[in-house]
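# Breakdown of the fold
Residues per chain, in single letters:
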Amino acid sequence: MKIFIAIAFILIIASLGSALFFLMKDKGRSNRTVQALAMRVGLSITLFLIVLASYKMGWIHPTGIR
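Everything quoted here is computed from the prediction, not taken from an experiment.

On the secondary structure map, Ser54 appears in helix H2 (residues 32-57). Measuring from C-alpha to C-alpha, the distance between Ser54 and Met39 comes to 22 Å, with 15 residues separating the pair along the chain. Ignoring any residue separated from it by four or fewer positions in sequence, one finds Ser54 in contact with Met1, Trp59 and Ile60.

This brings us to the side chain of Thr33. Positionally, Thr33 belongs in helix H2. Taking relative accessible area as the criterion, Thr33 reaches 14% and is therefore assigned buried.

Here we come to the environment of Leu47. When you line up the elements, Leu47 lands in helix H2. Judged by relative accessible area, which is 9%, Leu47 ranks as buried. In contact with Leu47, not counting residues within four places along its chain, are Phe4, Ile5, Ala8, Phe9 and Ile12.

Quick notes on the rules
Every chain begins its residue count from 1, and numbering advances along the sequence as written. Totals for whole chains, interfaces and linings use every residue, but because this is a predicted model, local features are given only for residues with pLDDT of at least 70 and side-chain atom pairs only at 80 or more, for both listing and counting. As a rule here, side-chain values come from all non-hydrogen atoms in the structure, and water together with hydrogens is ignored. A helix here means a DSSP run of H or I that spans at least four residues, while a strand means a run of E at least two residues long, and both kinds are numbered starting from the N terminus. The contact definition used throughout considers only heavy atoms, calling two residues in contact when any of these lie within 4.5 Å. The classification of residues rests on relative accessible area computed with a 1.4 Å probe and restricted to protein chains. Under 20% of the type maximum is buried, over 50% is exposed, and intermediate values are partly exposed.

See the structure below:
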């Protein structure tokens, strides 16, 4: 589960980077920045729902700050 979450975070950061790249390259003339940001939001929501479902199923446990 830790590997899945790490990969999801990497994908979210990559989507944010691609949105920045498209913003700088296209200078607002295309829709690619909006699509990349929408993908980032979708990935973030999906990751949150998967973590929530994993907690409910008992696959992950909170450890707290020690």
